[in-house]
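Chain by chain, the residues run as shown.
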Amino acid sequence: MTFFKLGDDIADTRAPDVPIEQRWDKRRFDAKLVNPANRRRHSVIIVGTGLAGGAAGATLAEQGYHVIQFCYQDSPRRAHSIAAQGGINAAKNYRNDGDSVYRLFYDTVKGGDFRARESNVYRLAQTSTQIIDQCVAQGVPFAREYSGLLDTRSFGGVQVARTFYARGQTGQQLLIGAYQALSRQIDAGNVEMHERTEMLDLIVIDGRARGIVARDLVTGQISTYLADAVVLATGGYGNVFYLSTNAKNSNASAIWRAHRRGAYFANPCYTQIHPTCIPRSGDYQSKLTLMSESLRNDGRIWVPKNAGDTRSPDQIPEAERDYYLERIYPGFGNLVPRDIASRAAKNQCDLGRGVGPGGLGVYLDFADAIRRLGEDKVREKYGNLFEMYDRITGEDPYKVPMRIYPAVHYTMGGLWVDYDLQSTIPGCFVVGEANFSDHGANRLGASALMQGLADGYFVLPPMLGNYIASNKFDKVTEAHPDVVETVNEATGRLTKLLSINGERTVDSFHRELGEIMWDECGMARSEDGLRKALGRLPELREEFWRSVKVPGSGSQVNQSLERANRVSDFLELGELMCVDALHREESCGGHFRVESQTPDGEARRDDDRFAYAGAWEFGGTGEQPILHKEPLNFDYVHLAQRNYA
Amino acid sequence: MKLTLRIWRQAGPADSGRMVAYEVPDANPDMSFLELLDVLNERLTLEGDDPVTFDHDCREGICGSCGVVINGQAHGPRERTTTCQLHMREFADGDVIDVEPWRSVAFGVVKDLMVDRSGLDRIIRAGGYISANTGSAPEAHATPVPKPIADTAFDNATCIGCGACVAACPNGSAMLFTSAKVTHLNSLPQGAPERADRVLNLVEAMDAEGFGGCTNTGECTVACPKGIPLDSIATLNREYLRASLGRK
């Protein structure tokens, strides 16, 4: 049984056909410009205020556009970019250690296991250096050396130190920078900010994105907002798994609704499972917490050599420990890319060598680093992370090795965009984690912040200007039949959710969905498992619409209703992820099909059949989705088996 | 663990509100405080009651969304800990725990434990930024910043805007929040050109939002989950005086 139909290939990504280092210059030169005096006559909706959305809002407003911006949180400063810990990559080569734009490009394409679009990755690497300049000018307090110059460190999958950081809170500092820039534009009247307001649907008129339907989460009021273009900066969809390192309210509804309106969804099965998270402690667990990858610079990962060894870690002598990453991958050691580190941890636990409750954990040990550097130096580098670990587990990592286990962290898939970051719906642009563009099948550490800010500060603004300058915008009003219909659909959906009054809570459905996804579409995926999931998910969706219980009304704060609406979309998206994972009969990056591995258990790609991005067109509720392939060409970084040994 | 929660219930801004007691017989020491509320809410939902509304998001102590007063203390008994990072191992079996929203004139209750903290955003909008349009930045190494200054800026920039300082202050003052931003930006060479206007505008906005005056009681810094020091308020006062005297 197949689960999808095959459509036409995607022929044109709009990347200019010139040498790669000239493409972005050429695209910007070819782009049409909007006269500064005319910009205020054009309005742009931006949904989300994370790094990509916040940066885009501030920049477009500085340029003179009228920005209407939304976030579901009570303040634009709270978007989940804030939780990124480790750092941001940039090809500054301040260390003189052989870094360059080309090397950052090369590392990212290779790290993504040759499933990213070369043009986009090269542009990302080019833009990276400007981001650091911009952030420093805004007052982002990056870590500095005693010379007063910026410090950098090394991250997974990389042999240069190109990661700029602000202790273990880099995402927070970058987001506060973008938030402050946005605040300045709000104060100047250039940005109309709607907090505690959630997008329910995208308004498409004559084939172009012209607005959104949104709900005020305090009053329950459903309103329409109209503009010349819509930018989705709504983050990833890791919460499909229920347990992930995402914020509790991070959701996929904006991108899923846009997908249902015609935007292709690319590579939905590319999920990043982060190797260093705090293991779960019980059934009540509501989320998982990441311990930054930067810890792998100094922490050593090990398990007991003997399966079922229950001695406390200090009782296990050196000779009976297996530092398995250092053993299997001597070249990169503890700093192999995330997908490899996660799978290795799972393999050790599958062998019965896992530690902690349920044997689902491995040690991340700082004893050597403390001996080598002293406790003070370790505290200065990682103090806040150690504190966080202590608070959650009640254990002191200065004395007892941390226990870590992989958890869902980031989604490389997202809405398909062309080189201009425009989706298949003209006028609907997608930035940051919400799009699929730069990381292929696996994202390297410290590259999410880089991509979010590159998209928001530098890539989107000229491309959005080009779109506005290239089109005429007839005035649309709320009375337009397409607007009315979209509002009615959104309202009807919420009314339906409130009226079911069944016997199961929203969270019970979400947990069950998460378990199915983790078991069958998590770290290891098999044909049998995915088919099983695709049998169960439609049943679960029907059960949800038959028996979910959403208390309260729609005309007040109703957090159950908010969750129910999000989970209803996750249920559909989960199915598409499984279809994508089933169709991709190869292993690449974070997508590991057990049928496609090398004799020593590494991911085996099938470049002859799968060197493409899989962009899915919505086929209708309960109908088969349609696959469009964007062929990927590797003209610069030649296809090769990744080797980190 | 068996716990009794006495929770502030208030249907909306117009409601007068009341404490309501709930038994939670199945608490676990490894649960976070918000997970305890989740467990209670699941039960309330199934019993046909209205679940308790509270703000939360990242649940790792950095977004600043969560925050309730627990037994009279903002974010509860553990130092430098947000409500989401507070675990039930800090409590004993049989405890009765009072749970209330942030209490302050400038923070209206939206529903139950959820309050309106938008006043803090408006303080930032009044000048809590460095004006640097995208694309205008000089090369990052053009201006070295001595490490102690960068560290001071960073320590103050770690503020998560949760509002615990305001909730803990007997005057409902937002001085710690405001001073953290002033100290962050005014310490840095990049923040120097707007230094005087920044402090004057932020303090003016703080007053206009209805936050109280500072009388140096120091409750704010004790409640602060990020440990913003009281020194920052001294820095703000110094900056304010300097700006008021017109010295640039």
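Quick caveat, the model's predicted, so the values are computed rather than measured.

1. With respect to the overall build of chain B
No. 1: On a plain count of helices and strands, chain B comes out with eight helices and seven strands.
No. 2: In terms of its C-alpha atoms, chain B occupies a principal-axis envelope of roughly 60 × 35 × 35 Å.
No. 3: Expressed as a percentage of the 248 residues in chain B, the buried residues total 58%.
No. 4: In chain B, once contacts between residues fewer than 6 apart in sequence are set aside, the share between residues at least 24 apart is 68%.
No. 5: Here chain B has roughly 9,200 Å² of accessible surface; of this, 50% comes from carbon and sulfur atoms.
No. 6: Here chain B carries 23 positive and 33 negative side-chain charges, and the mean point of each set is 6 Å from the other.

2. Concerning helix α12 (residues 448-470) of chain A
All names here are of chain A.
No. 1: When the terminal C-alpha atoms of α12 are compared, their 31 Å separation across 23 residues agrees well with the 33 Å that a helix rising 1.5 Å per residue should span.
No. 2: The axis of α12 is deflected most strongly, by about 50 degrees, at L460, and proline P461 appears within four residues downstream.
No. 3: Extensive coverage of α12 is indicated by the burial of 19 of its 23 residues.

3. Some points on the interface of chain A and chain B
No. 1: Across the boundary between the two partners, chain A contributes 79 residues, which contact 73 residues of chain B.
No. 2: The contact between chain A and chain B buries some 6,400 Å² in all, and 50% of this surface belongs to carbon and sulfur atoms.
No. 3: Considering only the surface of chain A that becomes buried against chain B, A:R78, A:Y284 and A:R391 emerge as the three largest contributors, covering 12% of it.
No. 4: Salt-bridge contacts for A:K92 lead to B:E139; the nearest nitrogen and oxygen are separated by 2.9 Å.
No. 5: Here chain A is connected to chain B by 44 residue pairs in polar contact (both at pLDDT 80 or more).
No. 6: Sorting the residues of the side of chain A that touches chain B by element identifies α3 (51-63), α5 (118-138), α6 (170-187), α11 (375-393), α12, α14 (506-521) and α16 (559-583) of chain A as the ones contributing at least two each.

4. Things to note about unusual backbone geometry
Residues and elements named next belong to chain A.
No. 1: Of note, Y242 is a non-glycine position whose phi angle comes to about 60 degrees, a positive value.
No. 2: The residue Y242 is located in the loop between β11 (229-232) and α7 (253-260) in this model.
No. 3: Taking the relative accessible area as the measure of exposure, Y242 reaches 5% and is therefore buried.
No. 4: The backbone of L421 shows a phi angle near 70 degrees, a positive value even though the residue is not glycine.
No. 5: Looking at the secondary structure, you find L421 in the loop between β18 (414-415) and β19 (428-430).

5. Some words on the domain arrangement of chain B
Residues and elements named next belong to chain B.
No. 1: The assigned domain composition of chain B is domain 1 (3-111) and domain 2 (117-244).
No. 2: When each unit is reduced to the centre of its C-alpha atoms, the spacing between domain 1 and domain 2 is 29 Å.
No. 3: Where domain 1 abuts domain 2, roughly 1,400 Å² becomes buried across the two surfaces, and 59% of that area is made up of carbon and sulfur atoms.
No. 4: Remark: the boundary between domain 1 and domain 2 carries one salt bridge.
No. 5: A salt bridge links R117 to D55, with the nearest nitrogen and oxygen atoms 3.6 Å apart.
No. 6: Inspection of the region where domain 1 meets domain 2 yields five residue pairs in polar contact (both at pLDDT 80 or more).
No. 7: Along the lines of polarity and charge, the residues of the side of domain 1 that touches domain 2 split into eight nonpolar, seven polar and three charged.

6. A look at the packing of aromatic side chains
All names here are of chain A.
No. 1: Throughout the structure, instances matching the rule amount to 27 aromatic pairs over all chains.
No. 2: Centroid distance F4 to W616: 5.3 Å. Interplanar angle 90 degrees. Geometry classified as edge-to-face. You can see F4 sitting in the segment before β1 (5-6) and its partner W616 sitting in strand β22 (residues 612-617), a full 612 residues away along the chain.
No. 3: Looking at F4, the relative accessible area reads 24%, which means it is partly exposed.
No. 4: Ring centres of W416 and F436 lie 6.4 Å apart, and the angle between their planes is 25 degrees; on these two criteria the pair is classed as stacked. Note that W416 is positioned in the loop between β18 and β19 and F436 in the loop between β19 and α12, a separation of 20 residues in sequence. Comparing W416 with F436, the two get one shared label, buried.
No. 5: Put simply, the rings of Y237, W256, F265 and F618 pair up and form one aromatic cluster.
No. 6: Directly above the ring of Y419 sits R123, whose terminal nitrogen or CZ lies 4.2 Å from the centroid.
No. 7: The positively charged end of R504 is found above the aromatic ring belonging to F509, 4.0 Å away from the centroid.

Reading guide: rules and limits
Residues numbered from 1 in each chain as written. Chains lettered and ligands numbered in written order. Predicted model: local features only at pLDDT ≥ 70, side-chain atom pairs only at ≥ 80, totals over all residues. Heavy atoms only, no water. Helix = DSSP H or I, 4+ residues; strand = E, 2+ residues; numbered from the N terminus. Buried < 20%, exposed > 50% of the residue type's maximum accessible area, 1.4 Å probe, protein only. Contact = heavy atoms within 4.5 Å. Areas by Shrake-Rupley, 256 points an atom, 1.4 Å probe, with all protein chains shown as cover. Lys, Arg positive; Asp, Glu negative; His and termini not counted. Charge placed at Lys NZ, Arg CZ, Asp CG, Glu CD. Expected span 1.5 Å × (residues − 1). Bend = angle between axes of the 7 residues up to and from the residue. Buried area = accessible area lost by both parts, 1.4 Å probe. Salt bridge = Lys/Arg side-chain N within 4 Å of Asp/Glu carboxyl O. Polar contact = N/O pair within 3.5 Å; in protein donor to acceptor, adjacent residues only side chain to side chain. Domains from an automatic or database assignment. Nonpolar A, V, L, I, M, F, W, Y, C, P; charged D, E, K, R; others polar. Phe/Tyr/Trp six-rings, centres within 6.5 Å; stacked < 30°, edge-to-face > 60°. Lys NZ or Arg CZ within 6 Å of the ring centre and 35° of its normal.

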